[in-house]
Amino acid sequence: MTAQEMIMLAVQASIVITVFSYGLDATLDDVLYVVRRPRCFLRSFAAMFLVMPLLAVGLDMAFDLHHEIEVALVALSLSPVPPLLMKKQGKAGGRESYGLGLLVTMGVLSVVITPIGMMLMTQAFGRQFQLPLGAIALVILKAVLLPLAAGMVVRALLPRVAARIARPAAVIGTVLLVVVALLIVFASRHGILQLIGNGTLLALIGFIVVGLAVGHWLGGPDARDRVVLALSTASRHPGIALALATFNFPHEPGVTAAILLYLLVNLLVSMVYVIWQRRRLGPAAAA
């Protein structure tokens, strides 16, 4: 096994462990939160899968972007919620049930929505974008549905065990992810630095800031829901984005660096939003 394969295996393990820890605290009502609220579902769908793809097209038209950034924005705009986002939403005072409901609902829908979006992007950009349905379904199944279901089964059958291992599992998943993320960024540092300039950072910041603003605006009257949708709209599943990008452009390693650059910029910009929301929500966010 190569070093790159070991790193990717560690990434997958960290995600599975973290989502499993979500399941240890989750209920069926949490999973179905978005499905049972049609207005909430429509607002969420519009923010994530209508506004953001249009924004990717608009940014490409407005800036003379590197091809890698262009591909990265398309891939990210068509990807669902990342499994690890719930931690950030919780720190900002977001409603956990909404965050988990978005993770499951938009993940399942992406199996159909992403291929349709890629067909439309092919027309908009004049380049071929495609990804087999099975590839998307496999990522969602392994990274979201199976570990979440496993955690919920443990909670239902062994509630005391679930309560005892939930926090250690979350800590292990987070520590493993941080270590692996640092290794990936260090290994890709040269490719990331080569992309900076020519409007790239402005385009990425614009993509994230508009995503936060649109999600916050469409999140509804409850401040906790606005936090969740804002972060979910601006933050997308890097695994599916990488799969989409590398499947269509396998000989362009700069695409991976572009998505990593997006993750770094997103971390910084979203941190500002999280701090702002924690101050606004006060005790609710701290709880």
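Conventions used here
- Residues numbered from 1 in each chain as written.
- Predicted model: local features only at pLDDT ≥ 70, side-chain atom pairs only at ≥ 80, totals over all residues.
- Heavy atoms only, no water.
- Salt bridge = Lys/Arg side-chain N within 4 Å of Asp/Glu carboxyl O.
- Buried < 20%, exposed > 50% of the residue type's maximum accessible area, 1.4 Å probe, protein only.
- Core = buried A, V, L, I, M, F, W, Y, C linked by side-chain atoms within 4.5 Å.
- Helix = DSSP H or I, 4+ residues; strand = E, 2+ residues; numbered from the N terminus.
- Contact = heavy atoms within 4.5 Å.
- Expected span 1.5 Å × (residues − 1).
- Polar contact = N/O pair within 3.5 Å; in protein donor to acceptor, adjacent residues only side chain to side chain.
- Axes fitted to C-alpha atoms, helices over the stretch in contact; angles between N-to-C directions.
- Parallel < 35°, antiparallel > 145°, perpendicular 65-115°, else oblique.
- Nonpolar A, V, L, I, M, F, W, Y, C, P; charged D, E, K, R; others polar.
- Phe/Tyr/Trp six-rings, centres within 6.5 Å; stacked < 30°, edge-to-face > 60°.
- Lys NZ or Arg CZ within 6 Å of the ring centre and 35° of its normal.
- pLDDT = per-residue confidence, 0-100.

Draft legend 1. Geometry of the pattern of salt bridges. Here the structure, examined in full by the defined rule, presents four salt bridges. In this structure, the salt-bridge partner of D29 is R36, at a minimum N-O distance of 2.6 Å. What makes R36 partly exposed here is its relative accessible area of 47%. Linking D222 and R224 is a salt bridge whose minimum nitrogen-to-oxygen distance equals 3.1 Å.

Draft legend 2. Representation of the nonpolar core in the model. If you look at the biggest cluster of nonpolar residues, it comprises 82 residues, and the most contacted ones within it are L73, Y98, L102, F207, I208, L212 and L231. Among the elements that take part in this core, helix α13 (residues 254-281) stands out by supplying twelve residues, more than any other. The contact partners of L102, leaving out residues within four places of it in the chain, are V34, S44, M48, V81, G107, V228, L229 and S232.

Draft legend 3. Representation of helix α11 (residues 223-234). Over its twelve residues, α11 extends 17 Å from the first C-alpha to the last, a length consistent with the 16 Å expected when each residue adds 1.5 Å. A223, D225, R226, V227, V228, L229, A230, L231, S232, T233 and A234 are the residues of α11 that are buried. Taking the backbone nitrogen of R224 as reference, a side-chain oxygen 2.8 Å away marks D222 as the first, capping residue of α11.

Draft legend 4. Local environment of the packing of α11 against α13. Where α11 contacts α13, the axes come no closer than 11 Å and their chain directions differ by 175 degrees. Considered as vectors, α11 and α13 are oriented roughly antiparallel to each other. Between α11 and α13, the contacting residues are A223, R226, V227, A230, L231 and A234 on the first element and Y262, N266, S270, Y273, V274, Q277, R280 and L281 on the second. Among the residues forming the contact of α11 with α13, the class breakdown is nine nonpolar, three polar and two charged.

Draft legend 5. Highlighting the side chain of S235. Within the secondary structure, S235 sits in the loop between α11 and α12 (238-248). Classification of S235 as buried rests on a relative accessible area of 4%. A polar atom in the side chain of S235 sits 3.1 Å from the side chain of N266. For S235, the contacting residues outside a window of four places in its chain are P80, V81, P82, L85, Y262, N266 and S270.

Draft legend 6. Highlighting the packing of aromatic side chains. The tally for this structure, following the rule as stated, stands at five aromatic pairs. Through a chain of ring-to-ring contacts, the aromatic side chains of F41, F45 and F49 assemble into a single cluster. A cation over a ring is seen here: R37 above Y33, with NZ or CZ 3.8 Å from the ring centre. Taking NZ or CZ as reference, R189 lies 4.0 Å from the ring centre of F186, over its face.

Draft legend 7. Just the confidence of the model for the protein, in detail. When pLDDT is averaged along the protein, the result is 84, and 90% of the positions lie at 70 or above. At the low end of the mean pLDDT range in the protein sits helix α14 (residues 283-286), at 49; at the high end sits α11, at 93.

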